[in-house]
Amino acid sequence: MQLNGIFILAELPAEIADRIREINERYDTRLARHRPPHITLTGSSGAGPIPPSVTVDEIRGKLESIVADTAPITLSFQPPQRFMQTDIIVLPIEPHGPIRALHDGIITSGLPFTRARYTFSPHATLSLYQSLDAKSIRELLKTRMPEPFVLNAIQVYHTRDPQPSRKLLELQLTGGSKKD
């Protein structure tokens, strides 16, 4: 399936991203090449991609008030799981609380989204494109990364498979910051 749309992500902090990138490089080199390790906020779950005809200025205009009202979010990964009866292996996070509020704010921002394929299920992907053998699946399902981490920005990427994704915009989560 060819994909051409705009996704909103939250890239993971360097120490967690490096660990996930190592896993991606071992089990799914195509995934490792396409975009940095992240949590998808819109594009595949909860809301489909934004059509590529929407401009960066339009996206920025709709998201600036949301990120201004959203403080950095502390999360932690749950044990890995297979995604929806597939060989896709993900590290899920709790889908409620501040991450849900951010997601809901984005999808009610007035931006146009195509139809979502899945309900909102925030996660980091360990393996997506690669068909895995039983041993690899067992190894990935043993992965544990329970330490808390902080998301302090969101990124907007144009995804146009099979080409690598291209970052269009990054916005800091500044809610709760002292305003002058």
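Residues numbered from 1 in each chain as written. Predicted model: local features only at pLDDT ≥ 70, side-chain atom pairs only at ≥ 80, totals over all residues. Heavy atoms only, no water.

A. Representation of the sheet that holds strand E8 (residues 153-160) within the structure. Spatially, four strands are ordered E2-E1-E8-E9 in an open sheet, and the strand pairing comes out antiparallel. Of all strands in the sheet, those bounded by a partner on one side alone are strand E2 (38-42) and strand E9 (166-172). Neighbouring strand axes in the sheet, compared pairwise and without regard to direction, differ in orientation by 30 degrees on average. The pairing of strand E1 (residues 4-11) with E2 spans four bridges and is classified as antiparallel. Its bridge partner being in E2, isoleucine 8 is matched across the sheet by threonine 42. (Pairing = 2+ DSSP bridges. Helix = DSSP H or I, 4+ residues; strand = E, 2+ residues; numbered from the N terminus. Axes fitted to C-alpha atoms, helices over the stretch in contact; angles between N-to-C directions.)

B. Highlighting the layout of surface pockets. The calculated volume of the largest pocket comes to roughly 660 Å³. In this structure, the largest pocket is lined by 29 residues; those nearest its centre are Leu3, Phe7, Ser44, Arg117 and Leu128. Listed by contribution, the elements that provide at least two residues to the lining of the largest pocket are E1, helix H2 (29-34), E2 and strand E6 (123-127). Classifying every residue of the lining of the largest pocket gives 14 nonpolar, ten polar and five charged. (1 Å grid on protein atoms, 1.4 Å probe; cavity = no way out; pocket = protein on both sides within 12 Å on 5 of 7 lines; lining within 4 Å. Points joined across faces, edges and corners; volume = space filled by probe spheres on them. Nonpolar A, V, L, I, M, F, W, Y, C, P; charged D, E, K, R; others polar.)

C. Layout of the pairing of E6. Counting buried residues in E6 gives five out of five residues, a clear majority hidden from the surface. Across four bridges, strand E5 (residues 89-92) lies against E6 in antiparallel orientation. Along E6, the bridge assignment pairs leucine 91 with alanine 124. (Buried < 20%, exposed > 50% of the residue type's maximum accessible area, 1.4 Å probe, protein only.)

D. Structural context of the sheet that holds E5. Strand order in the open sheet made by the three strands is E4-E5-E6, with antiparallel pairing throughout. On the outer flanks of this sheet lie strand E4 (81-82) and E6, each paired with one strand and no other. In this structure, E4 lies alongside E5, joined through two bridges in antiparallel fashion. In the strand pairing of E5, glutamine 81 is matched with valine 90. Contacting E5 and E6, helix H1 (residues 14-27) crosses the sheet at an angle of about 35 degrees to E6. (Contact = heavy atoms within 4.5 Å.)

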